[in-house]
Each structure stands twice: as C-alpha cells, then as structure tokens.
Amino acid sequence: MTKPILDDNWQSDALDPALGFFSQTLAVRGGYHRTDEGEHGEAIFTTSSYVYKSAKDAADHFDGTKKGNVYSRHTNPTVRAFERRLALLEGGERCVATASGMGAILTMCLAYLKAGDHLLCAKQLFGSSVALFDTYFKAFGVSVSYVDCFDNDAWENAIQPNTRVLYCESPSNPLAQIADLSFLANLARNNDALLIVDNCFATPAIQKPLELGADVVIHSASKYIDGQGRVIGGALIGSDELMEKAFGVVRTGGISLSPFNAWVLLKGLETLNLRMRAHCENANQVAAFLSNHPNVTKVHFSGLHDHPGHELAKSQHQHLDAQGGAFGAIIGFEVRDKDSAWQVIDSTQVISITNNLGDAKSTITHPASTTHFRMTPEQRLEAGVTDGLIRLSVGLEDAKDIINDLKRGLDAL
C-alpha cells in the first residue's frame, strides 16, 4: 500500500531525530514544522477547520488518500507539534494529546478495553482514576482488580485469562511508591496484556517507562509538563499501532486538547529537564528535614535510603543528573491525625494550599479530604491514605524557605 500524500504542513519536522540529539535539544526544538511565514516561535493555530483547494482535495483528506488537517477536534498543527515533541522525549513512535490527564485515562480504557475484559490496577492511584474504573467501566462490563503496586507476587497472582491491561502510577499518588516496571512489562507481555504507566510524577526527564518495557505512557500534562499551573492537558505515548487506537477515540469522542493549551505545554517542555533537576534537588533537602522532625511519624519519599523502593527507584530514575539523585518532588508525610495535618497545612504562608501539583510554586493538600475523598475509608486505607497524611509538591522556591514554612506548623504540634 502506497503512503498517502502529505500536505506541506505535515512534512517531517526540520530537526531530524535520527541524528541523535540529546533530550534537552529535543525539548527545545523537536517536533515543530516551521510554516511559510518563517516564524521562530511556535505558532498557535486557533482555527476550527481548514480550507481545501478543491472538492476533490477535501474528499482526499476525508478518505485518507491525502494526509493533512481535517478538523481541529483531531488534527491541529499546534497540538501536533506538542505531540511530536513529547513522543520524542518519551522515546515513543507517536503521541496522542487529550483535553486532560483524566481524558487520557478515559481514552486508554475506551481504546484498549471492552466488555468482558479485566483491568488489573495498582491500589495506589489518583482518586479520580479509581472512581472512573469502579463507577463507569465496571458498569460497562469491565472487571477491575487492585493490588499493591510494589508487590510483584500480588500482580502475578491477580492475572486472569481476560486481563488486557496492567495499569499503575510509578511513582504513585500521593505516597510516591515505586512499581517494578520491567517485571510488570514481562508479566504483561507473557499474558497478552498491555502495561500502561502513568509517568506524571517522574516525567521523561527522570524516567522513560517505554525503555523499561511499558507499552503506553500516560501523562497529566497539567502537572510538570506545564510546570506553572496554567492549563489542563493530557497525553498518551506508545507505538503507532496503539496510538492509532487512541487517536480513534479522541477523534470520535472529542477528548481533544485545545491549540492554546498545546502551545503552553510546548513552552513547558522547553524547560522540563531544567525544572525537574531543581525540583528534585529541593525535594531531597525537604525530605531530609521531614524525616528528622519529631512530630512527623512517617515520610513517603523514595529518595530516602530507608524507603523500601529506594534501590528500585535509583535503577529506574536514571535520566536526570540532580544533586542527591532524581526521585521526583512529591513527598507524602504523616502526622498524628487529621486535626494535626490541617494545623500544619493552615500554618503555611509560602506554600499554596491547593490540590494541584507539579507547579513552580510549592503546594500542599490533605489527600483524605481532597484528592481521595470520593474513595471509601476502606479504599483509602488500602491505598495508604491515612487521615494524618499530607501531600507536598516541592516547588522552585528556595528550599530553606519551604522548610521554614513547614517547620512553623510542625513545631507547634
């Protein structure tokens, strides 16, 4: 079968990745095809539709004879530039962008699961993901099971003949637990299933799950990829074959990323490696402080040597040279109870009290009453979300100021 003719604006981008550029160069320049206007900065294509040269030209676009822009619900040059760049950074053949991170997870379910299939998930997931699986996809005939992300035996024992997707976050939300991605990739492959990894907390600056054997990577691009809490977006990355299935869902279901948000996310990718290095270095200092504070009962951060996933994180998080190591910047820490947690949170003056994360500004929240409140108490307990748990997203302020902001509330307990 001959390849379809490409529109000029669908030609290969000017930076040829086959030449072997380093990640930071791809983050700044990859994926963009300059228009005839010769712009240096990426353009925002705020258009809903496109004009064709003739009726036949329009028909050729719609039937696939000619590959090019059809409608911005599923083809937009700015969105395509973001998709190309993120695919390059993750090492995937193709990326499909979505309106949000949850939109990416919904796309995953619709693309790779059907009635009668089994979805095997980690217990340690974002609360909205659990709600999506349990409330909606169980109703559509998909069975769902949960195991601890770090328990390889539990994963293996929970596999069923109809298991089609293994899904985990690594590091997880909000406890930053680590799954053995190479083990899970082999387990999925041996059971005719897909391993799909949410890489939101690590980003391709720190971890590349596709290199570890995962089939699909998912992102809430609203977090570190944007990096400044400005827009909402999501993405899936994998092989062209798997992404074509995801693209079909986005095209038909309208779970599409806006051109403006795609442009903001493109700008975020330019500084992703630099920001993540600084985030990680700050988080290492904050975690050390918390682990030594007498009113903190437990710290969940894989950068600490006594964390059960520390050695595994060291082997999987190998794509960023940060002082003290690259373990992400999300820290869960526990105090006595809910009242104590709220007191620490309310005592902050620098850190923002918000459920967002991955921002240049440090943020803090109480997961049991915010991000995970829709889960039952039993589900929260199984996921390790106690009433005394606080989730901290360490930002880019001076680490000493972040520490002093936490110290104020902790000292008063």
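Residues numbered from 1 in each chain as written. Predicted model: local features only at pLDDT ≥ 70, side-chain atom pairs only at ≥ 80, totals over all residues. Heavy atoms only, no water.

**Q** Before we move on, could you go through the sheet that holds strand 3 (residues 94-98) and cite the residues and values that matter?
**A** Paired through backbone hydrogen bonds, the strands of a sheet run either parallel or antiparallel to each other. Spatially, the seven strands line up as an open sheet ordered 3-9-8-7-6-4-5, and their pairing is mixed. In the strand order of this sheet, the two ends are held by strand 3 and strand 5 (143-147), each with one partner. The average angle at which neighbouring strand axes cross in this sheet is 20°, direction not considered. When strand 4 (residues 118-122) meets strand 6 (residues 163-169), the two strands line up parallel, connected through four bridges. (Pairing = 2+ DSSP bridges. Helix = DSSP H or I, 4+ residues; strand = E, 2+ residues; numbered from the N terminus. Axes fitted to C-alpha atoms, helices over the stretch in contact; angles between N-to-C directions.)

**Q** Could you give an account of the pairing of strand 6, with specific residues and numbers?
**A** Along strand 6, six of the seven residues are buried, which leaves the element largely enclosed by surrounding structure. Here five bridges tie strand 6 to strand 7 (residues 194-198), and the two strands are oriented parallel to one another. Note on strand 7: the bridge partner recorded for Cys168 is Val197. Each parallel crossover has a hand, and for strand 6 linked through helix 7 (residues 181-190) to strand 7 it is right-handed. (Buried < 20%, exposed > 50% of the residue type's maximum accessible area, 1.4 Å probe, protein only. Right-handed = clockwise from strand over helix to strand, strands pointing away.)

**Q** Just give me the short version of the pairing of strand 3, but keep the residues and values in it.
**A** Among the five residues that make up strand 3, four are buried, leaving the element largely enclosed by the rest of the structure. Bridge analysis of strand 3 against strand 9 (residues 234-238) gives five bridges, and the strand direction is antiparallel. Looking across to strand 9, one finds that Thr98 is bridged to Gly234.

**Q** Can you explain the packing of aromatic side chains? Please cite residues and give values.
**A** A full pass over the atoms with the stated rule returns five aromatic pairs. Seen from their ring centres, Phe133 and Tyr167 are 5.8 Å apart, and the 85° between their planes marks the pair as edge-to-face. Residue Phe133 is located in helix 5 (residues 127-137), and its partner Tyr167 is located in strand 6; the two are separated by 34 residues in the primary sequence. By relative accessible area, which is 0% here, Tyr167 ends up buried. On the basis of an interplanar angle of 70° and a centroid distance of 6.4 Å, the ring pair of Phe301 and Phe327 is categorised as edge-to-face. In this pair, Phe301 is assigned in the loop between strand 10 (298-300) and helix 12 (310-316) and Phe327 in the loop between helix 12 and strand 11 (330-334), connecting sequence segments 26 residues apart. Under the relative-accessibility criterion, Phe301 is labelled buried at 1%. (Phe/Tyr/Trp six-rings, centres within 6.5 Å; stacked < 30°, edge-to-face > 60°.)

**Q** Can you explain the nonpolar core? Please cite residues and give values.
**A** In this structure, Phe82, Val286, Leu290, Ile331, Phe333, Leu406 and Leu410 are the most contacted members of the largest nonpolar core, which totals 67 residues. In terms of residue count, helix 11 (residues 272-291) provides more of this core than any other element does, eight residues in total. If near-sequence neighbours (up to four positions away) are discounted, Leu410 is found in contact with Phe289, Leu290, His293, Asn295, Val296, Phe333, Val335 and Val344. If you look at the next biggest cluster of nonpolar residues, it comprises 58 residues, including Cys121, Phe137, Leu194 and Leu195. (Core = buried A, V, L, I, M, F, W, Y, C linked by side-chain atoms within 4.5 Å. Contact = heavy atoms within 4.5 Å.)

**Q** Give me the packing of helix 4 (residues 101-112) against helix 5: which residues, what numbers.
**A** Helix 5 packs onto helix 4 with a crossing angle of 35° between their chain directions and a minimal axis gap of 11 Å. In this structure, helix 4 meets helix 5 at a crossing whose hand is right-handed. On the side of helix 4, the interface is formed by Met102, Ile105, Leu106, Met108, Cys109 and Leu110, while helix 5 contributes Ser128, Ser129, Leu132, Phe133 and Phe137. Partitioning the contact of helix 4 with helix 5 into residue classes produces nine nonpolar, two polar and no charged. (Left-handed = near helix turned anticlockwise from the far one by under 90°. Nonpolar A, V, L, I, M, F, W, Y, C, P; charged D, E, K, R; others polar.)

**Q** How would you summarise the pattern of salt bridges if you had to cite specific residues and measurements?
**A** The full count for this structure, using the stated rule, is 15 salt bridges. The shortest N-O distance in the salt bridge between Glu244 and Arg94 comes to 2.6 Å. One end of the pair, Glu244, is in helix 9 (residues 240-253); the other, Arg94, is in strand 3, with 150 residues separating them in the sequence. We note a salt bridge from Asp411 to Lys407, for which the minimum N-O separation is 2.7 Å. In this pair, Asp411 and Lys407 both sit in helix 15 (residues 399-411), four residues apart, roughly one turn of the helix. (Salt bridge = Lys/Arg side-chain N within 4 Å of Asp/Glu carboxyl O.)

**Q** Quick rundown of the sheet that holds strand 12 (residues 352-353)? Include the residues and the values.
**A** Taken in spatial order, the five strands of this open sheet run 10-11-14-13-12, and their pairing is mixed. Only two strands of the sheet have a single neighbouring strand rather than two, namely strand 10 and strand 12. Here strand 13 (residues 363-365) pairs with strand 14 (residues 389-393) via three bridges, running antiparallel. Bridge pairing links Thr363 to Ser393 in strand 14. Where helix 11 meets the sheet, it contacts strand 10, strand 11 and strand 14, and its direction lies at approximately 10° from that of strand 11. In this fold helix 13 (residues 338-346) packs onto strand 11, strand 12, strand 13 and strand 14, with an angle of close to 25° to the strand it touches most, strand 14.

**Q** Mind laying out unusual backbone geometry, listing which residues take part and the relevant values?
**A** Glycine aside, negative phi is the norm for most residues, and most peptide bonds take the trans geometry. Note the cis peptide between Ser170 and Pro171, where omega equals -5°. Considering the arrangement of structural elements, one finds Pro171 in the loop between strand 6 and helix 7. In the Ramachandran plot, Ala176 falls in the positive-phi region, its phi being about 55° despite a non-glycine side chain. Within the secondary structure, Ala176 is located in the loop between strand 6 and helix 7. On the basis of relative accessible area, Ala176 is assigned to the buried category, the value being 3%.

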